[in-house]
Amino acid sequence: MTVCLGLVFVIFAGRLVQLQLLDSDALAAGAGANKYVRVSLPAERGSITAADGTVLATSVDAYDITADPTMFTPEATHLPDAPEQAAALLAPILGQPKEKLAAALHLNAKNPKSQYALLTARQEPKAKAQIADLKAALTKQTDTKVCRGQRELLGKPAEKGGRQFLDTACVNPLAGVFWEQSTRRSYPANGLAANLIGFVNSEGTGTGGLELQYQQQLAGEDGYSTYASAGGRRVATAGGNRQDAVPGSDLRLTVNPDIQWAAQRAITDQVSNAGAEKGYVVVQDVKTGQVLAMASSPGFNPNDLSSARADQLGNPALQDAYEPGSTAKLMTMAAVLDTGSANWDTHVTVPNTLQRSDRVFHDDVDHETWYLTLAGVLAKSSNIGTIEAAEHLGPTQAEANKVLAGYLDKFGIGKPSGLGFPGETRGILAKPEDWNGSQQYTIPFGQGLSVNALQATSVFSTIANGGVRVAPGLVAGTTGPDGRFTPAPAGAQSRVVTEATAKTLTEMLESVVTDEQGTGTKAQIPGYRVAGKTGTANRVDPKTGKYSGYTASFIGFAPADQPRVTVSCVIQDPVNGHFGGQLCGPVFKQVMEFTLKTLQVPPSGSEAPNLPVDWKP
């Protein structure tokens, strides 16, 4: 006995020497590596609100449903199909296919000992509560005298009544299912301003629109927590470390939610009525440059991205480059008046056709020779009259092209708006020396160059603002984690034309709306003076690069005597009609009337000047 005990103590002593001296460093390093568990503490994503505080995007409580695959093996459950049973119970709650859930619950060759599997992320609290209730009910069911007896027999040999597997009723197949608190993105206003707001992906990262553009500010900084763990359980007395997450900043937009709603309703109805591919409306404050609404149709609901097509998820008002047509004639007239090349009452003789370069130009309608004032050229939207006016910008056509290109540049054509919106187009404007034989005559009336809807809107806001262009803005400011609001800087200002030129152009634009020969009579608003311009352009099909169909538009501002807001409407590839005054004039009227009432803008205090549009030879 002494010898045996001595041998035992010698073995113990040898093992102690090995552990304490020989292998101590390696064991300590291994223990340290497995002792502490690091858990990420996600930062709360900032909200996006409208100008009045209406929440357009926010983060709400959610749960990630997880599982420990090692708890679903036959050895752990004593069931041959535990993953399949658990998947069948979870599928109707999580809305996931049973096969997909069962595959996640099985150990795989890549991670044969993995104790973590994400079944689905960012589930509503309702789903977590259903799983918790079901799990508790199954636990109570398996804690019966019969089941305890079966588990007692489980460890005995088969000849003594032992069992290889438990009855299904005595196993809780959800014992290895857990949940972790998380957040998910919610859009309380559903599709309101969705083409602006954008959306996040399954990981909660901004993937489109403002959610993408301001991803860093909205996301904040994740924190972490570390704690000691032993046997899969937290050791409360072993200490740990924690760094709290820094919440993301809140984003306040310049968008008025009521005006946004009115714009979306108006453009959606008209796109449907016209059988058009799509359309968009922009509402801008002429003094500050702030965007009060930017609506597109068709839109989408960011709470249900699976129901939207890929081409619906962008913001075409900023991402589409289209030829503006006759709305661009305002810039040509601005150049003509501002350089002193002509006055509003300059007489212009407009034939039915005009030969220039290798083309014969026409107006929208066949007509006898028109005798128009320059104001009449704009009111009746004459392509030929506009070409004739633009030719007076320089002693040669090449010099006239350079003068016009200089004004287009000052209006912001072919340049980024400054918003920095993802996917925003700068439009297309070639250098004047590169304008081809026909392009130098089509650009004055809006074909051969491309813009986005905000650029086109900003041109009219510049005239409404006395000739001073204010860079457009979409964000009013941000509120940081400390609760302090930081306003966005005011839009940069630059003078494009003189105040006198802007005033004359405004009166000319009023004739478009008020004169019976004007193309924009459907945009009239009782009690308010309206200045605006129609546009009907040949449309370039983005799929073929060739002209196909039309782009109909109307852009205007009101009240013309004290301008407050600009509203633009663009409808792409309509089937039922194609003239801008016919399709977009009513949309402009509907949105402008609502906007003026919402902003409590008083009616005009004077009558429109009604500039003559023609003259008798």
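Just so we're clear, the structure is a prediction, and the values are computed from it rather than from any experiment. (Residues numbered from 1 in each chain as written. Predicted model: local features only at pLDDT ≥ 70, side-chain atom pairs only at ≥ 80, totals over all residues. Heavy atoms only, no water.)

(A) Inspection of the overall build of the chain at higher detail. On a plain count of helices and strands, the chain comes out with 20 helices and 24 strands. Its C-alpha radius of gyration of 35 Å places the chain more than 25% over the 25 Å reference for a compact globule of 617 residues. Its C-alpha atoms give the chain principal-axis dimensions of about 135 × 50 × 50 Å. Sequence separation of 24 or more characterises 73% of the internal contacts of the chain that already satisfy a separation of 6 or more. Between the mean site of the 52 positive side-chain charges and the mean site of the 58 negative ones, the chain shows a separation of 8 Å. (Helix = DSSP H or I, 4+ residues; strand = E, 2+ residues; numbered from the N terminus. Rg over C-alpha atoms; globule rule 2.2 N^0.38 Å. Contact = heavy atoms within 4.5 Å. Lys, Arg positive; Asp, Glu negative; His and termini not counted. Charge placed at Lys NZ, Arg CZ, Asp CG, Glu CD.)

(B) Looking closely at the side chain of Thr501. Counting through the fold element by element, Thr501 comes out in helix H19 (residues 499-514). Thr501 has contacts with Ala334, Leu337 and Asp338, leaving out every residue within four places of it along the chain.

(C) Geometry of the state of the cysteines. Counted by the stated rule, this structure contains 1 disulfide. With its sulfur 2.3 Å from that of its partner, Cys569 forms a disulfide with Cys584. What sets the handedness of the Cys569 and Cys584 disulfide is the S-S torsion sign, and at about -60° it is left-handed. Residue Cys569 is found in strand E24 (residues 565-572), and its partner Cys584 is found in helix H20 (residues 580-598); the two are separated by 15 residues along the sequence. (Disulfide = S-S within 2.5 Å.)

(D) Molecular detail of the side chain of Ser382. As for its position among the elements, Ser382 is in the loop between helix H14 (374-379) and helix H15 (383-390). Taking relative accessible area as the criterion, Ser382 reaches 0% and is therefore assigned buried. Within the structure, Ser382 has its side chain in polar contact with the side chain of Asp363 (distance 3.2 Å). The residues touching Ser382, leaving out its near neighbours within four places in the chain, are Lys329, Val350, Asp363, Trp370 and Val377. (Buried < 20%, exposed > 50% of the residue type's maximum accessible area, 1.4 Å probe, protein only. Polar contact = N/O pair within 3.5 Å; in protein donor to acceptor, adjacent residues only side chain to side chain.)

(E) The sheet that holds strand E12 (residues 278-285), seen in detail. Taken in spatial order, the 5 strands of this open sheet run E13-E12-E24-E23-E22, and their pairing is antiparallel. Each edge of the open sheet carries a strand with a single partner, namely strand E13 (291-297) and strand E22 (531-540). Across this sheet, the average inter-strand angle for adjacent strands is 10°, counted without regard to direction. When E22 meets strand E23 (residues 547-558), the two strands line up antiparallel, connected through 9 bridges. Each residue of the ladder has a partner; that of Ala537, found in E23, is Thr551. Contacting E12, E22, E23 and E24, H20 runs over the sheet at an angle of about 30° to E23. (Pairing = 2+ DSSP bridges. Axes fitted to C-alpha atoms, helices over the stretch in contact; angles between N-to-C directions.)

(F) Focus on the nonpolar core. Ile197, Leu253, Leu374 and Met508 are the most contacted members of the largest nonpolar core, which has 91 residues in total. Domain assignment of the residues forming this core places at least three in each of domain 1 (38-71 + 112-222 + 235-253) and domain 2 (257-297 + 318-471 + 490-599). Leaving out residues up to four positions away in the same chain, Leu374 has contacts with Met333, Val336, Leu337, Ala342, Asn343, Trp344, Thr346, Val348, Ala389 and Met508. Membership of the second largest hydrophobic core comes to 32 residues, among which are Ala276, Ala295, Leu583 and Val591. (Core = buried A, V, L, I, M, F, W, Y, C linked by side-chain atoms within 4.5 Å. Domains from an automatic or database assignment.)

(G) Spotlight on the layout of surface pockets. The calculated volume of the second largest pocket comes to roughly 550 Å³. Every residue lining the second largest pocket is counted, 20 residues in all, and those nearest its centre are Arg185, Asn201, Ser202, Pro302 and Asn303. It is strand E4 (residues 117-123) that contributes the most residues to the lining of the second largest pocket, 5 residues altogether. Residues belonging to the lining of the second largest pocket are distributed by class as follows: 6 nonpolar, 8 polar and 6 charged. (1 Å grid on protein atoms, 1.4 Å probe; cavity = no way out; pocket = protein on both sides within 12 Å on 5 of 7 lines; lining within 4 Å. Points joined across faces, edges and corners; volume = space filled by probe spheres on them. Nonpolar A, V, L, I, M, F, W, Y, C, P; charged D, E, K, R; others polar.)

(H) Representation of the UniProt feature "domain: Penicillin-binding protein transpeptidase" (unreviewed entry) in the chain within the structure. The UniProt feature table records "domain: Penicillin-binding protein transpeptidase" (unreviewed entry) at residues 279-593. Along residues 279-593, the helical share is 28% and the strand share 23%, with 19 Å between the first and last C-alpha atoms. (UniProt positions renumbered as here; feature names shortened; annotations may be inferred.)

(I) Inspection of the environment of Ala51 at higher detail. Positionally, Ala51 belongs in the loop between strand E2 (48-49) and strand E3 (55-67). Not counting chain neighbours up to four residues away, the residues in contact with Ala51 comprise Arg252, Leu253, Thr254 and Val255.

(J) Spatial organisation of the pairing of strand E15 (residues 353-356). Bridge count between E15 and strand E16 (residues 359-362): 4 bridges; the pairing is antiparallel. Each bridged residue has a counterpart across the sheet, and for Arg356 the counterpart in E16 is Arg359. Taken together, E15 and the strand that follows it, E16, pair antiparallel across an intervening segment of 2 residues, in which Ser357 is found at a positive phi of about 55°.

(K) Representation of the packing of aromatic side chains. Tallying each qualifying case throughout the model produces 7 aromatic pairs. On the basis of an interplanar angle of 85° and a centroid distance of 6.1 Å, the ring pair of Phe199 and Phe300 is categorised as edge-to-face. Residue Phe199 is located in strand E6 (residues 199-200), and its partner Phe300 is located in the loop between E13 and helix H12 (316-319); the two are separated by 101 residues in the primary sequence. In this structure, Phe199 and Phe300 share a single accessibility class: buried. (Phe/Tyr/Trp six-rings, centres within 6.5 Å; stacked < 30°, edge-to-face > 60°.)

(L) Representation of the environment of Ala342 within the structure. Structurally, the position occupied by Ala342 is in the loop between helix H13 (329-338) and strand E14 (347-350). Assessed through its relative accessible area of 14%, Ala342 is described here as buried. Distance from Ala342 to Leu393, taken between C-alpha atoms, is 9.1 Å for residues 51 residues apart in sequence. The residues contacting Ala342, other than those within four sequence positions of it, are Val336, Leu337 and Leu374.

(M) Region of the structure containing H19. In this model H19 runs 23 Å from its N-terminal to its C-terminal C-alpha over 16 residues, within 8% of the 22 Å that 1.5 Å per residue would give. Regarding H19, the residues found buried are Thr501, Ala502, Leu505, Thr506, Glu507, Met508, Leu509, Glu510, Ser511, Val512 and Val513. Lining the buried residues of H19 we find H13, H14, helix H18 (453-464), E22 and E23. (Expected span 1.5 Å × (residues − 1).)

(N) The arrangement of the pairing of E24 in detail. Counting buried residues along E24, 8 of its 8 residues qualify, which places the element largely inside the surrounding structure. What you see with E24 is no split at all: Val565, Val567, Cys569 and Ile571 on one side and Thr566, Ser568, Val570 and Gln572 on the other are buried throughout. Pairing of E12 with E24 involves 8 bridges; the strand directions are antiparallel. Note on E24: the bridge partner recorded for Asp285 is Val565. Bridge count between E23 and E24: 8 bridges; the pairing is antiparallel.

(O) The arrangement of the packing of H13 against helix H16 (residues 397-410) in detail. At a minimum axis separation of 9 Å, H13 and H16 run at an interaxial angle of 115°. Here H13 and H16 pass one another in a crossing that is right-handed. Two secondary-structure elements touch here, H13 through Met331, Thr332, Ala335 and Asp338 and H16 through Leu404, Tyr407 and Leu408. Among the residues making up the contact of H13 with H16, the classes are represented as 5 nonpolar, 1 polar and 1 charged. (Left-handed = near helix turned anticlockwise from the far one by under 90°.)

(P) Quick look at unusual backbone geometry. A cis amide bond links Ser297 with the next residue in sequence, Pro298, at an omega value of 5°. With omega at -15°, the peptide bond leading from Ala558 into Pro559 counts as cis. Phi angles above zero are rare outside glycine, and Asn190 is one such case at about 55°. Note on placement: Asn190 falls in the loop between strand E5 (177-186) and helix H8 (194-197).

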